[in-house]
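Here's the letter readout for the chains.
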Amino acid sequence: MIIKSIQNQIFKDALSLQNKKLRDKNGVFFVEGKKQVDEIPKNRVIRQVFISEKYKNDVRGFKNVITLSNRLFKKLSATQSPQGIMAIVEKKHYSIEEVTKNSGLFIILENIQDPGNLGTIIRSADAFGVKAVFVSEGSADIYSDKTVRAATGSIFHLPIIDNIDIENTLNLMKKEKISVFAASLKGKKYLNDIKFPNKSAFIIGNEANGLKSSTETLADILVKIYMLGNAESLNAAVAASLIMYEAAKKQIT
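Residues numbered from 1 in each chain as written. Predicted model: local features only at pLDDT ≥ 70, side-chain atom pairs only at ≥ 80, totals over all residues. Heavy atoms only, no water.

Q: Would you mind going over the overall build of the chain in detail, with residue names and values included?
A: The number of helices and strands found in the chain is 10 helices and 12 strands. Taking the principal axes of the C-alpha coordinates as reference, the chain spans close to 65 × 40 × 30 Å. The buried share of the chain, taken over its 253 residues, is 47%. Charge separation in the chain, taken as the distance between the mean sites of 37 positive and 26 negative side-chain charges, equals 5 Å. (Helix = DSSP H or I, 4+ residues; strand = E, 2+ residues; numbered from the N terminus. Buried < 20%, exposed > 50% of the residue type's maximum accessible area, 1.4 Å probe, protein only. Lys, Arg positive; Asp, Glu negative; His and termini not counted. Charge placed at Lys NZ, Arg CZ, Asp CG, Glu CD.)

So, in C-alpha cells, the structure goes:
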C-alpha cells in the first residue's frame, strides 16, 4: 500500500515530528538518505522507515517500512532532492558519570550555533578517537537534519551528551581527575606544545565570541593554535579538528 493522502494519520504523525519540541518529547530524530540509514546500528530502535514509491533499493532488513507517494515523501524530507528513504530513530541517552570514567579525550562545546559546524565536529571526533562529545545548553540541535547530515553517521559511533551545564560538567570531570584545556586567544601555550594527560578534556567556544570568561576561568590551561598568517581566528570546526588531530597524534587511549 502507498500512502497518498496528507490526511493519513501515519503521515500526519511523522510530519508533526518536524517540530523539535515534539521530537524531543518523543525522544526521536530523523535520519535521511541511504548511506545515513545504513549507518544506524542494529541495536538502535527504529520506529519507522519511510520510502518513496520510486525507491528502488532493498529494504528487507528493516521492519515497519511505510511507502509514501513521491509528493508526500518530499513534504516529509528536509532536502531539496530526496534520496527516497528516511527513518525515525530513538535517541540514546548517556550518563556523564559513566562516560567520564573512561580514559582519553573529551570534547566540550559551548554555544556552537551552526549545525554544520556541530556535525563536522562530531564527525572529526569520531575520526580521531574522541571518547565523547558534550554540547552545552544554547547550542545547535545535535539531532537537527543539518547536524545529522554533516556528521555523516558519526552520531551513532560515540556518546554525545547535549544540553549540559558547562560548570557542573567541568566540576564532575575534575572529580574524575580529567585535565581541562580551553581554546582561547588569551592562551599562553600553543597547541603543539601541549602534553595531553591520559584523561583530558578540551573546550571549544562559540563561532563569533569564543568562550565565556567564566568558562575560561574553569579551565586548567588556556591554549591557542599557532597561525602564521593574518587571520584573527579559525572556524570552530576547523579549530576543533586540529585539536583532536594533535591529540590523536599523541596516541591518547
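Q: Lay out the sheet that holds strand 11 (residues 199-204) with the relevant residues and their values.
A: Taken together, the 7 strands give an open sheet; going across it, the order is 8-7-6-11-9-12-10, and neighbouring strands pair in parallel fashion. Of all the strands in the sheet, the pair left with one neighbour each is strand 8 (160-164) and strand 10 (189-190). Two strands pair when backbone bridges link them, and strand 7 (residues 132-136) and strand 8 are joined in this way by 3 bridges, in the parallel orientation. Note that in strand 8 the partner of Val-133 across the bridge is Ile-160. Along the sheet face, helix 8 (residues 166-175) touches strand 6 (104-109), strand 7, strand 8, strand 9 (179-183) and strand 11 and points at about 165 degrees away from the line of strand 6. (Pairing = 2+ DSSP bridges. Contact = heavy atoms within 4.5 Å. Axes fitted to C-alpha atoms, helices over the stretch in contact; angles between N-to-C directions.)

Q: Could you give me a rundown of unusual backbone geometry, with the residues and numbers involved?
A: Both trends apply: most residues other than glycine have a negative phi, and most peptide bonds are in trans. Non-glycine residue Asn-64 carries a positive phi angle of around 55 degrees. Mapped onto the secondary structure, Asn-64 falls in the loop between strand 3 (46-52) and strand 4 (65-68). Located in the positive-phi region is Asn-163, a residue other than glycine, with phi close to 55 degrees. The topology assignment puts Asn-163 in strand 8.

Q: An account of the packing of aromatic side chains is needed here, citing residue identities and associated values.
A: A full pass over the atoms with the stated rule returns 8 aromatic pairs. Ring centres of Tyr-190 and Tyr-226 lie 5.6 Å apart, and the angle between their planes is 80 degrees; on these two criteria the pair is classed as edge-to-face. Pair noted here: Tyr-190 is in strand 10 and Tyr-226 is in the loop between strand 12 (221-224) and helix 10 (236-249), with a separation of 36 residues, a long-range link. The partly exposed category is assigned to Tyr-190, whose relative accessible area is 30%. Residue classification places Tyr-226 among the exposed residues on the basis of a relative accessible area of 51%. Chaining the aromatic ring pairs together yields one cluster made of Phe-29, Tyr-143 and Phe-156. (Phe/Tyr/Trp six-rings, centres within 6.5 Å; stacked < 30°, edge-to-face > 60°.)

Q: How would you summarise the layout of surface pockets if you had to cite specific residues and measurements?
A: Reported here for the largest pocket is a volume of approximately 560 Å³. Ala-183, Ser-184, Leu-185, Ser-233 and Leu-234 are, among the 25 residues lining the largest pocket, the residues nearest its centre. If you list the elements that add at least two residues to the lining of the largest pocket, you get strand 12 and helix 10. Grouping the amino acids of the lining of the largest pocket by side-chain chemistry returns 13 nonpolar, 7 polar and 5 charged. As a volume, the second largest pocket reaches approximately 310 Å³. (1 Å grid on protein atoms, 1.4 Å probe; cavity = no way out; pocket = protein on both sides within 12 Å on 5 of 7 lines; lining within 4 Å. Points joined across faces, edges and corners; volume = space filled by probe spheres on them. Nonpolar A, V, L, I, M, F, W, Y, C, P; charged D, E, K, R; others polar.)

Q: Describe the nonpolar core, and please don't skip the residues or the numbers.
A: If you look at the biggest cluster of nonpolar residues, it comprises 44 residues, and the most contacted ones within it are Ile-107, Leu-109, Leu-118, Val-130, Val-133, Phe-202 and Met-244. Here the element with the most residues in this core is helix 10; it accounts for 6 residues. If near-sequence neighbours (up to four positions away) are discounted, Val-133 is found in contact with Ile-107, Leu-109, Ala-125, Leu-158, Pro-159, Ile-160 and Ile-161. (Core = buried A, V, L, I, M, F, W, Y, C linked by side-chain atoms within 4.5 Å.)

Q: Could you give me a rundown of the environment of Asp-24, with the residues and numbers involved?
A: Looking at the secondary structure, you find Asp-24 in helix 2 (residues 20-26). Placed 119 residues apart in sequence, Asp-24 and Tyr-143 show a C-alpha to C-alpha distance of 9.3 Å.

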